[in-house]
Amino acid sequence: MENDLLTVQNVSISFTQYVQGLQQHILKVISDLSLSVKEGEVVAILGSSGSGKSLLAHAILGILPENGQCDGTISFKGEVLTQEKKEELRGEHICLIPQSVNFLDPLMKVREQAIGDVKDEEKEKALKHQKEIFEKYGLAEEVGDMYPFELSGGMARKVLLSTALLSDPELVVADEPTPGLDQASVNETINDIKRLAQEGKGVLLITHEIDVALKTADRIAIFYSGYVIEINKAENFNDVNKLLHPYTKSLIEALPRNGFKLTSGVQPLEEVDGCPYFENCPIRSDICQNNKPDLIDHNGIMIRCHNFDKEVN
Amino acid sequence: MVIIINSQKLAKFLGYKAVRLFILLVAVAAVSFIMVEISPINPVKSYAAEMGASAQQIAALSAYWQVDVPLGEKVVSWLADLLQLNLGISLIYRIPVVNVIIQKFTASLVLMITSWIISGVVGFGLGIIAGGTRGSWIDKAIKTYCYILQCAPSFWIGLIIMLIFSVYLGWFPVGLAVPVGTMASDVTFWDWLIRLILPAFTLSIVGIASIALYTRDRLVNILNSDYFIFARARGENHWSIIIRHGIRNVLLPAITLQFMSFSELFGGAVLVEQIFSYPGIGQATVAAGLRSDVPLLLGIVLISTIFVFCGNTIADILYKYVDPRMKGDENE
């Protein structure tokens, strides 16, 4: 589509590990992931913590570790991103909002980190701009003089956000921006992210908090065992019948306000032949065991299931 | 990095350290004295053996040195003398031990400080380069060099260097701090400097290995840290991040380590001075040991204790007072 800011097509991310001496083992963390983010749109990737969602953010910015392998294509404004292109765009057109204060240099004042490595003659301008942005996100001027360890949780979040936004990027990748924050700070974060979308920026929000995804995003991609199994509009998550994948349904039904209906089972850790949800699926059929479903478009909803439109047995 | 030091707190800390040093010195003085006392070294024999004294003279010497006084009494009087900074007379040099130590230690200090600075700066630089180019041939070359130096004994390296530069190439004199047969007043600064180069060089390249490997290891850890990833995500390039964030975070622990290495520096100086016949404290130590100069030996033990203690204290101060993260504790 022509107004897509970011397009991720069939991206797989794997790691080469050494197990027992020289024997290599390839660990696949993300498989066949496709999604897109338009201008002014917030797309959330919702998945359990530790499932490797952050690696997608790292892949988009080209900051995967050396033993990480990224297959598939990532395009920005229709242009396929090579590593060189990513290096050119990152920090300018694509920015990352990281998870925690650990992403700041513990021995450098916040202000210096925010403006980054600038030439002396441009420094004054950069500092002025930094002051404006800090003010815009409700940070007092003296915060710039603080070291990261002196920041409170809420301040740290604002600093990370404003640091990422100094260069006025077109695409913002927010990687778990709300862990361990109080409700007020979470709400503020949600509003800040929505405001970014109103300003016309595209936002890719990576989170494990369902509420944050529901309140912030326009579309939500459900991440299960390394696969995106469904991408649906946020408003459809209010009605279980509008959701297509059995996992998404059980996820939403498990919310306290929807009756706390728990289903048992865990996500498979090893690569499976068939559908990753096969083990726990209530509507599985023979085809699901050995054939992996593709992510297909069903009236604008992306779904990875052989049986979503069939009757439940 | 802004250094904010609370002077009151620092004074308290230094006072506490001074008490610790005092207790340590008393303990070291007493223990080393007792060890020498129960060793087969006999000051009378070692003194008299050189000149073939008669039985009468030996008896007189024994009485003079109070050889038959009980051990406890000896220790107490040794400590009492020590409090008055009276370390006795060196048997070899025939002048007060304090004067010998001042003279020798000054010569050694020049050697040690020179090589300490060179090894620190070069080692840190090599560590940063190796860490920054991790995995490349440059990194491998630096690592190999460090491993070889780390496991090669310093006296052996000293001999090799002497062979190459003094014997084969003839660029430097083989040893001694000043030319033989020259009046002390005629020795020029250049004479002295040119004889300092090889020992300092040897001591430096031996010291480089540990600091370089440490720096490299710390930098590699930082390259994997979250803030390094975020700096990359913000578009800073590799070497700019290393200069802005890497050095900043490695420098303090590296300097601390360098101060902690004072003991190795002293040990290295003993060997290197011996090889190059550099008349410093190291050579005096060996001479005092071999020729049973007990007063000088004990004096050197004490001065080396103070030297190493100072290094460790400076390392402590750096850790406690220069790191801005420790500022919070200070304000309480």
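Here the structure is a predicted model, which means the values were calculated and not measured.

The subject of this paragraph is the overall build of chain B. Per the secondary structure count, chain B includes 14 helices and zero strands. Mapped in sequence order, the helices and strands of chain B form the string α-α-α-α-α-α-α-α-α-α-α-α-α-α. Within chain B, buried positions represent 31% of all 332 residues. For chain B, restricting intrachain contacts to residue pairs at least 6 apart in sequence, the fraction spanning at least 24 positions comes to 75%.

Further remarks concern the overall build of chain A. On a plain count of helices and strands, chain A comes out with nine helices and 12 strands. Relative to its length of 313 residues, chain A is compact, with a C-alpha radius of gyration of 21 Å against a globular reference of 20 Å. With the C-alpha coordinates aligned to their principal axes, the bounding extent of chain A is approximately 70 × 50 × 40 Å. Burial status across chain A gives 42% buried among its 313 residues.

Okay, the sheet that holds strand S1 (residues 4-19) of chain A next. Residues and elements named next belong to chain A. Taken together, four strands build an open sheet; the order of strands is S2-S1-S4-S5 and the sheet is antiparallel. Two strands lie at the open edges of the sheet, namely strand S2 (23-38) and strand S5 (79-80), each paired on one side alone. Here helix H1 (residues 53-61) sits on the sheet in contact with S1, S2 and strand S4 (68-76), set at roughly 80° to S2.

The next thing to look at is the sheet that holds strand S10 (residues 227-233) of chain A. Residue and element names in this part refer to chain A. With mixed pairing, eight strands are arranged side by side in an open sheet as S6-S7-S8-S3-S9-S10-S12-S11. At either margin of the open sheet sits one strand with a lone partner, and together these are strand S6 (94-97) and strand S11 (296-298). The mean inter-strand angle of the sheet, taken between neighbouring strand axes irrespective of direction, is 20°. As paired elements, S10 and strand S12 (residues 301-303) share two bridges and run antiparallel to each other. Of the residues in S12, the one forming a bridge with Glu230 is Ile303. Taken strand by strand, H1 contacts strand S3 (42-46), S6, strand S7 (171-175), strand S8 (202-207) and strand S9 (219-224), and its axis lies near 150° from that of S7. Lying on the sheet, helix H5 (residues 153-165) is in contact with S6 and S7; it crosses S6 at an angle near 175°.

Between chain B and chain A, the residue contacts involve 17 residues of the former and 18 residues of the latter. If you list the elements that add at least two residues to the side of chain B that touches chain A, you get helix H9 (226-233) and helix H10 (238-260) of chain B. Sorting elements by how many residues they give to the side of chain B that touches chain A places H9(B) first, with six residues. Class assignment for the residues of the side of chain B that touches chain A results in six nonpolar, four polar and seven charged.

For the rest of this paragraph, the subject is the pairing of S10(A). All names here are of chain A. In terms of residue burial, S10 counts as a mostly covered element, since six of its seven residues are buried. Examined bridge by bridge, S9 and S10 share six bridges and lie antiparallel to one another. Residue pairing in the sheet places Ala221 in a bridge with Ile231 of S10. The turn joining S9 and S10, which pair antiparallel and follow one another in sequence, is formed by two residues; a positive phi near 50° is taken by Ser225.

What follows deals with the packing of H10(B) against helix H13 (residues 294-322) of chain B. Residues and elements named next belong to chain B. Here H10 crosses H13 at 160°, and the two axes come no closer than 7 Å. In terms of axis orientation, H10 runs roughly antiparallel to H13. The handedness of the crossing between H10 and H13 comes out as left-handed. Contacts between H10 and H13 involve Leu252, Ile255, Thr256, Phe259 and Met260 on the former and, on the latter, Gly311, Asn312, Ile314, Ala315, Leu318, Tyr319 and Val322. By residue class, the composition of the contact of H10 with H13 is nine nonpolar, three polar and no charged.

Another point: the nonpolar core. Counting 129 residues, the largest nonpolar core has A:Ala44, A:Val173, A:Leu205 and A:Ala221 as its most contacted members. Residue contributions to this core peak at 14 residues, all from helix H8 (residues 189-223) of chain B. The contact partners of A:Val173, leaving out residues within four places of it in the chain, are A:Ala57, A:Ile60, A:Leu61, A:Ile94, A:Leu96 and A:Leu204. Ranked by size, the runner-up nonpolar core spans 13 residues in total, among them B:Leu87, B:Ile101, B:Val294 and B:Leu296.

Unusually for a residue other than glycine, A:Lys77 sits at a positive phi of about 50°. Structurally, A:Lys77 can be placed in the loop between S4 and S5. Exposure remark for A:Lys77: the 17 C-beta atoms within 10 Å place this residue in the partly exposed category. Located in the positive-phi region is B:Arg94, a residue other than glycine, with phi close to 60°. Looking at where B:Arg94 falls in the secondary structure, it is placed in the loop between helix H4 (71-83) and helix H5 (97-132).

Conventions and cut-offs
- Residues numbered from 1 in each chain as written.
- Chains lettered and ligands numbered in written order.
- Predicted model: local features only at pLDDT ≥ 70, side-chain atom pairs only at ≥ 80, totals over all residues.
- Helix = DSSP H or I, 4+ residues; strand = E, 2+ residues; numbered from the N terminus.
- Buried ≥ 20, exposed ≤ 12 C-beta atoms within 10 Å, placed from the backbone.
- Contact = placed C-beta atoms within 7 Å.
- Rg over C-alpha atoms; globule rule 2.2 N^0.38 Å.
- Pairing = 2+ DSSP bridges.
- Axes fitted to C-alpha atoms, helices over the stretch in contact; angles between N-to-C directions.
- Nonpolar A, V, L, I, M, F, W, Y, C, P; charged D, E, K, R; others polar.
- Parallel < 35°, antiparallel > 145°, perpendicular 65-115°, else oblique.
- Left-handed = near helix turned anticlockwise from the far one by under 90°.
- Core = buried A, V, L, I, M, F, W, Y, C linked by C-beta atoms within 7 Å.

Shape is all these values report; function is a separate question.
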